Amino acid sequence: MHVTVRAYRPEDLPAMRNLWNAVVERGNAFPQCDPLTPDEAAAFFAGQSYAAVAETAGRVVGVYIPVSYT
């Protein structure tokens, strides 16, 4: 399986949101309690210092944002 990691594009947002919300809904990785709406997802990922996706066969299969310790 070939996986490409690249900066996200706006058309990736639905898949990114689905992946993110699946983890949030499991409640074991992120501090958020509520899933992101489409508008919240667009603002959230745009507001990161960097956001990327892992893609295979034209399908987004992962999301990456750097951790910021301040």
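Just above sits the structure.
Residues numbered from 1 in each chain as written. Predicted model: local features only at pLDDT ≥ 70, side-chain atom pairs only at ≥ 80, totals over all residues. Heavy atoms only, no water.

Undergrad: Looking at this structure, I do not really get the overall build of the protein. What am I missing?
TA: Along the protein, the regular secondary structure elements total two helices and three strands. Mapped from its N terminus to its C terminus, the protein presents α and β elements in the order β-α-α-β-β. In terms of C-alpha radius of gyration, the protein reaches 12 Å, essentially the compact-globule figure of 11 Å for 70 residues. Summarising its shape, the C-alpha atoms of the protein cover approximately 30 × 25 × 20 Å along the three principal directions. Per-residue burial for the protein yields a buried fraction of 29% across its 70 residues. The contacts of the protein with a sequence gap of at least 6 include a subset with a gap of at least 24, amounting to 52%. Total accessible area computed for the protein in this model is approximately 4,900 Å², and 56% of it derives from carbon and sulfur atoms. The centroid of the 5 positive side-chain charges in the protein is displaced by 8 Å from the centroid of its 7 negative side-chain charges. (Helix = DSSP H or I, 4+ residues; strand = E, 2+ residues; numbered from the N terminus. Rg over C-alpha atoms; globule rule 2.2 N^0.38 Å. Buried < 20%, exposed > 50% of the residue type's maximum accessible area, 1.4 Å probe, protein only. Contact = heavy atoms within 4.5 Å. Areas by Shrake-Rupley, 256 points an atom, 1.4 Å probe, with all protein chains shown as cover. Lys, Arg positive; Asp, Glu negative; His and termini not counted. Charge placed at Lys NZ, Arg CZ, Asp CG, Glu CD.)

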